[in-house]
Amino acid sequence: MKDGIYYIQDNQTIVQKIKEMSMIYFGIDPKKAVTMMKVRDFMVRDVITVSPENSVREVMSVFVEKKIGGVPITKKDGTLCGMVTDGDIIRAIKPLDKRIHDYFSFITYIAVEERDVHLSEVINREIIKIAKTHGLVTVHPEDDMEKVVDLLSKHHFKKLPVVNGVNRVVGVISRGDVIRNIQQTMVENM
């Protein structure tokens, strides 16, 4: 800031400058805030996971029972091998759509028997078959909160797995966790 005007540095994006200005407004030193807020400080350590062999039905039960919308899929040793969300399950159980096309009419039908067969097949599949298994986005306990905010906003994820150096799941972090941390940090520093 010079003469009451904020200047964007060459290596700084507008979003980064806005974040910095917001912290200053709330009385938070941006340099200290970034170094203070690490993933390890606000991740959920008691992670609910499922195994690759669990069925879609079993995972749906976990979602309903625990009131969650996504879980990491881990091998027996805790190594991350996938991530599945309620959206993945919804896309998998979407009814088959059969259409008949001719020059005079367009008829859409979904046979009830076929829908039930499809649903039965999907819910009995192994969860790993419908889960995201490639290009998994993760964070580490030592990462800054800024990285988490950037990943959650860029990819529109609701939750990220936190892994250690050997890709074992040690926590998860959600958008709600980030919001709670920001609110608590701002309130404490006001």
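Residues numbered from 1 in each chain as written. Predicted model: local features only at pLDDT ≥ 70, side-chain atom pairs only at ≥ 80, totals over all residues. Heavy atoms only, no water.

**Describing helix H4 (residues 56–66)**
Our working definition: Only protein chains enter the area calculation, which uses a 1.4 Å probe; residues under 20% of their type maximum are buried, those over 50% are exposed, and those in between are partly exposed. Counting from the N terminus, the helices are DSSP H or I runs at least four residues long and the strands are E runs at least two residues long. This arc corresponds to the set of directions leading from the helix axis out to the C-beta atoms.
Val56, Val59 and Phe63 are the residues of H4 that are buried. Along the axis of H4, the buried residues cluster in a sector spanning 65°; they form a single face. In H4, those exposed residues whose orientation departs by more than 90 degrees from the buried face are Val64 and Glu65.

**Structural notes on the confidence of the model for the protein**
Here is the rule we go by: What pLDDT reports is the predictor's confidence in each residue, on a scale of 0 through 100. It only takes one pair of heavy atoms within 4.5 Å for two residues to be counted as in contact.
Summarising the model, the protein shows a mean pLDDT of 81, and 68% of its residues fall at 70 or more. In the model, residues 102–110 has pLDDT below 50 throughout and makes 16 contacts with residues more than four positions away in sequence or in other chains.

**Some words on the environment of Thr79**
Going by this rule: Polar contacts, as counted here, are pairs of nitrogen or oxygen atoms within 3.5 Å of one another; within protein the pair requires one atom able to donate a hydrogen and one able to accept it, and residues that are adjacent in sequence qualify only if both atoms are side-chain atoms.
The topology assignment puts Thr79 in the loop between strand S1 (70–74) and strand S2 (80–85). A relative accessible area of 14% places Thr79 in the buried class. Thr79 sits 90 residues away from Val169 along the chain, and the two C-alpha atoms are 6.2 Å apart. Residue contacts for Thr79: discarding those within four places in its chain leaves Ile73, Thr74, Val166, Asn167 and Arg168. Among the polar contacts made by the side chain of Thr79, one reaches the side chain of Asp77 at a distance of 2.7 Å.

**Points about the side chain of Lys38**
Relative to the helices and strands, Lys38 is located in the loop between helix H2 (30–36) and helix H3 (39–42). We classify Lys38 as buried; its relative accessible area is 17%. Not counting the four nearest positions on each side in its chain, Lys38 is found in contact with Pro141, Glu142, Asp143 and Asp144.

**Overview of the environment of Ile179**
Here Ile179 lies in helix H8 (residues 175–188). Residue classification places Ile179 among the exposed residues on the basis of a relative accessible area of 56%. C-alpha of Ile179 to C-alpha of Val149: the two residues are 30 residues apart in sequence and 9.5 Å apart in space.

**Here we look at the pairing of S1**
Formally: Here, strands pair whenever DSSP counts at least two bridges between them.
In terms of burial, S1 is largely enclosed, as 5 of its 5 residues are buried. Note that S1 and S2 share 5 bridges and pair antiparallel. The partner of Pro72 across the bridge, within S2, is Met83. Count of turn residues in the S1/S2 antiparallel hairpin: 5 residues, of which Gly78 carries a positive phi of about 90°.

**Re unusual backbone geometry**
The phi torsion at Lys67 lies on the positive side, around 55°, for a residue other than glycine. The topology assignment puts Lys67 in the loop between H4 and S1. Judged by its relative accessible area of 75%, Lys67 is exposed. The backbone of His156 sits at a positive phi, close to 60°, despite the residue not being glycine. Considering the arrangement of structural elements, one finds His156 in the loop between helix H7 (145–155) and strand S5 (159–163).

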